[in-house]
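Remarks on the overall topology
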Amino acid sequence: VFFRSLGFLIVGKYDIVHTHEEACYFGALFSKIFRIRHLYDFHSSLPQAMRNFGYGNHGKIINTLEIMERGVIKSCSGIITISPALDAYVGNINSTVPRVLIENVQNYSFGDVDEGSLSEFRKSRPEFEGKHIVLYSGTFEIYQGLDLLVDAAEKVIEKNQDTVFVLAGGTRKQIDSLRESVESRGVGKHFLFTGVIPKEELALYMGVCEILVSTRISGSNPPLKI
């Protein structure tokens, strides 16, 4: 991407370079070299993401990324942010840069499932009969705090043995690790791992559950599922 962009800038005449995520670093460089404006599409903080994914012990790398990120925010011509938290973060670093907040939300219309499909789904899952269904959907990354959910589930199950926790998402390796954890705690029969499923199927699970949970132990951006 770097060299292809560089080639375009060498042979063409452009008014602005628009970068996204980590491309901002060479976008800032291009802005200086070619004296053009730089618009930074800021969807997440890379040093914060490093911490969220469990690389917080790489202090020197994270510190370097923070210095570079602050340099980009101070030098660019404009910034697009996707959440109030990121907008405030940018404002604290550079209060004068023009910025626009475009919240990154999607409407999947999960409530529009017809009753016929929902009824057929209930019949296909007899293990849900008479159970209280708690649903989590999303990635299984460290920052999502699923270990915290398992800790909470143990306490819930102590009070109500008719509770089933459905966890939708995750890679095979992540699912196996979490399944091993719940089985070692003796609550494996109260957990169902669906893997990654289409949003249409997820809507059916949402239709039969009583509680939706969204755990998060780090990061300032609200999960998109909210």
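Since we're looking at a predicted model, the values are computed, not measured.

Of the regular secondary structure elements, the chain holds 9 helices and 8 strands. Since a compact globule built from 226 residues should have a radius of gyration of about 17 Å, the 22 Å found for the chain marks it as more spread out than a globular shape. Put simply, 62% of the contacts in the chain that link residues at least 6 apart link residues at least 24 apart. Of the roughly 13500 Å² of accessible surface on the chain, 55% is carried by carbon and sulfur atoms. Looking at the chain, you have 24 positive and 26 negative side-chain charges, and the mean spots of the two groups are 9 Å apart.

Taking strand neighbours across the sheet as the criterion, the 4 strands line up as E1-E2-E3-E4 in an open arrangement whose pairing is parallel. The open sheet has two edge strands with one neighbour each: strand E1 (16-20) and strand E4 (99-101). Averaged over all neighbouring strand pairs, the angle between strand axes comes to 15 degrees, with direction disregarded. As paired elements, strand E2 (residues 37-42) and strand E3 (residues 78-81) share 4 bridges and run parallel to each other.

A few words on the side chain of Thr215. Mapped onto the elements, Thr215 comes out in the segment after strand E8 (211-213). Exposure remark for Thr215: the relative accessible area of 11% places this residue in the buried category. Here Gln144 takes part through its backbone oxygen, which lies 2.4 Å from a polar atom of the side chain of Thr215.

One non-glycine residue, Glu21, lies in the positive phi region at around 55 degrees. Tracing the sequence through the fold places Glu21 in the loop between E1 and helix H2 (24-34). The backbone of Arg35 sits at a positive phi, close to 55 degrees, despite the residue not being glycine. Within the element layout of this structure, Arg35 appears in the loop between H2 and E2.

The rules we used
- Residues numbered from 1 in each chain as written.
- Predicted model: local features only at pLDDT ≥ 70, side-chain atom pairs only at ≥ 80, totals over all residues.
- Heavy atoms only, no water.
- Helix = DSSP H or I, 4+ residues; strand = E, 2+ residues; numbered from the N terminus.
- Rg over C-alpha atoms; globule rule 2.2 N^0.38 Å.
- Contact = heavy atoms within 4.5 Å.
- Areas by Shrake-Rupley, 256 points an atom, 1.4 Å probe, with all protein chains shown as cover.
- Lys, Arg positive; Asp, Glu negative; His and termini not counted.
- Charge placed at Lys NZ, Arg CZ, Asp CG, Glu CD.
- Pairing = 2+ DSSP bridges.
- Axes fitted to C-alpha atoms, helices over the stretch in contact; angles between N-to-C directions.
- Buried < 20%, exposed > 50% of the residue type's maximum accessible area, 1.4 Å probe, protein only.
- Polar contact = N/O pair within 3.5 Å; in protein donor to acceptor, adjacent residues only side chain to side chain.

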